[in-house]
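Examining the three-dimensional arrangement
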Amino acid sequence: MSERDTQAAEAALQFLGQTLDWLEGHHSRWAEVTTHDLDADERVNAIWKLSGESLAHARAYVGMLQGGYTAQTWPTMRAIHEANRLLGAVVDPEEERIARRWLADQEVKQSEARAAEERETHRIAEQMKEAGLDPPAVDVAGLSRTVYSGMSNAAHHRRSVVDESVDAEARTMTYGTD
């Protein structure tokens with residue numbers, strides 16, 4: 001990587017770290033100032049806990065990148081993506097069933113979270129049309145599936161992904177930082 005690219009990557013990681021500092025500060029402050037029962041089986045707790053989970057994984061991801069790890073970050077990226085898809089479904093007042101199931105410590109599959117995301121996208125598009133606006137012609141569900149598929153391949157150690165860590169000519173493999 002060129003010196004310029006290295007500096008840009010370092011600046012981006014510093015910015016991400018500062019952004020996480022800011023988000024974590026607001027997240028923790030909410031818990032400090034609220035009188036809300038954080039153990040209650042309520043949507044607000046699901047939102048607070050899942051957003052904190054996402055922040056924690058994001059912090060680990062940035063730390064790995066700052067430490068020089070790249071290929072090894074795929075499972076963490078997938079965990080962030082999964083937490084965010086689930087969070088999006090739990091935040092949506094139209095998805096009461098998903099919030100109730102999560103609060104009851106029942107499994108909510110990623111396919112269910114993606115389906116909720118797709119339903120929300122369609123509702124927003126309809127609202128935009130009703131307001132006389134043209135909704136963007138983007139296949140959100142397709143994009144989400146594509147992103148998730150790539151991360152799943154890495155998290156499930158598919159050969160094509162593992163091969164990215166192998167230099168067959170030099171007969172070496174990346175075991176840690178790249």
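Presented here is an overview of the structure given in this document. (Residues numbered from 1 in each chain as written. Predicted model: local features only at pLDDT ≥ 70, side-chain atom pairs only at ≥ 80, totals over all residues. Heavy atoms only, no water.)

Comments concerning the overall build of the chain
Cut-off, in case you're wondering: By the criteria applied, helices consist of DSSP H or I runs no shorter than four residues and strands consist of E runs no shorter than two, each listed in order from the N terminus. The cut-offs for exposure are 20% and 50% of the maximum accessible area for each residue type, with area from a 1.4 Å probe on protein chains only; residues under the lower value are buried, those over the upper are exposed, and the others partly exposed. The contact criterion used throughout is that any non-hydrogen atoms of two residues lie within 4.5 Å. Accessible areas in this description were obtained via Shrake-Rupley with a 1.4 Å probe; residue shielding takes into account the shown protein chains only.
From N to C terminus, the chain includes 7 helices and 2 strands. Along its sequence from the N terminus, the chain presents helices and strands in the succession α-α-α-α-α-α-α-β-β. Along the first, second and third principal axes, the C-alpha atoms of the chain reach 55 × 40 × 35 Å. Taking all 178 residues of the chain together, 29% fall into the buried category. Once local pairs closer than 6 in sequence are excluded, the contacts in the chain between residues at least 24 apart make up 59%. Summed over its atoms, the accessible surface of the chain is roughly 11,700 Å², and 53% of this surface lies on carbon and sulfur atoms.

Quick look at the nonpolar core
This is how the line gets drawn: For this analysis, a nonpolar core means a set of buried residues of the types Ala, Val, Leu, Ile, Met, Phe, Trp, Tyr and Cys, connected via side-chain atoms within 4.5 Å.
The biggest cluster of nonpolar side chains holds 11 residues, and these are Ala46, Leu50, Leu86, Leu87, Ala89, Val90, Ile98, Ala99, Leu103, Val108 and Ala116. At the level of elements, α2 (43-66), α3 (74-91) and α4 (96-103) are the ones that each hand at least two residues to this core. When residues in this core are grouped by element, the largest group, 4 residues, is from α3. Each residue touching Ala46, except ones within four places of it in the same chain, is listed here: Val90, Trp102 and Leu103.

Brief notes about the packing of aromatic side chains
Spelled out, the test is: The pairing test for Phe, Tyr and Trp rings, Trp by its six-membered ring, is centres within 6.5 Å, and the orientation test on the planes gives stacked under 30 degrees, edge-to-face over 60, and tilted for anything in between.
Under the criterion given, the structure shown has 1 aromatic pair. Here the aromatic rings of Trp30 and Trp48 are separated by 6.1 Å at their centres, their planes lie at 40°, and the arrangement is tilted. Pair noted here: Trp30 is in helix α1 (residues 3-33) and Trp48 is in helix α2, with a separation of 18 residues, a long-range link.

Observations concerning a nonpolar patch on the surface
For clarity, the cut-off: Patch definition: residues with relative accessible area over 30% and no salt bridge; like charges joined within 9 Å; nonpolar side chains (Val, Leu, Ile, Met, Phe, Trp, Tyr) joined within 5 Å. Salt bridges are identified by distance alone: a Lys or Arg side-chain nitrogen within 4 Å of an Asp or Glu carboxyl oxygen.
A contiguous nonpolar surface patch, about 390 Å² in accessible area, is contributed by Val162, Val166, Met173 and Tyr175. Position of Met173 among the secondary structure elements: in strand β2 (residues 172-173). Look at Met173 and you get partly exposed, because its relative accessible area is 34%.

A closer look at the pattern of salt bridges
Across all of its chains, the model carries 11 salt bridges by this definition. For Arg59, the salt bridge goes to Glu24, with nearest N and O atoms at 2.9 Å. Residue Arg59 is found in helix α2, and its partner Glu24 is found in helix α1; the two are separated by 35 residues along the sequence. Across the pair Glu112 and Arg97 runs a salt bridge, and its minimum N-O distance is 3.6 Å. Of this pair, Glu112 sits in helix α5 (residues 110-130) while Arg97 sits in helix α4, placing them 15 residues apart in sequence. Judged by relative accessible area, which is 19%, Glu112 ranks as buried. One salt-bridge network, in which partners are shared between bridges, spans Asp21, Glu24 and Arg59.

Brief notes about the environment of Leu103
Assignment of secondary structure puts Leu103 in helix α4. Along the primary structure Leu103 and Asp139 are separated by 36 residues, whereas in three dimensions their C-alpha atoms are 30 Å apart. If we ignore the near neighbours within four places in the chain, the residues touching Leu103 are Asp41, Glu42, Arg43 and Ala46.

A closer look at the packing of α3 against helix α6 (residues 140-155)
To keep things clear, this is the line we draw: For helices, the axis comes from a line fit to the C-alpha atoms of the stretch in contact; other axes are also lines fit to C-alpha atoms, and the angle between any two N-to-C directions lies between 0 and 180 degrees. When describing relative orientation, an angle under 35 degrees is termed roughly parallel and one over 145 degrees roughly antiparallel, while 65 to 115 degrees is termed roughly perpendicular and anything else oblique. Crossings are sorted by hand: turned counterclockwise from the far helix by less than a right angle, the near helix makes the crossing left-handed, and turned clockwise it makes it right-handed.
Across the interface, α3 lies against α6 with an axial gap of 8 Å and an inter-helix angle of 140°. Between α3 and α6, the angle falls in the class oblique. Between α3 and α6 the crossing geometry is left-handed. In contact with Trp74, Pro75, Met77, Arg78, His81, Glu82 and Arg85 of α3, α6 contributes Ser144, Val147, Tyr148, Gly150, Met151, Ser152, Ala154 and Ala155.

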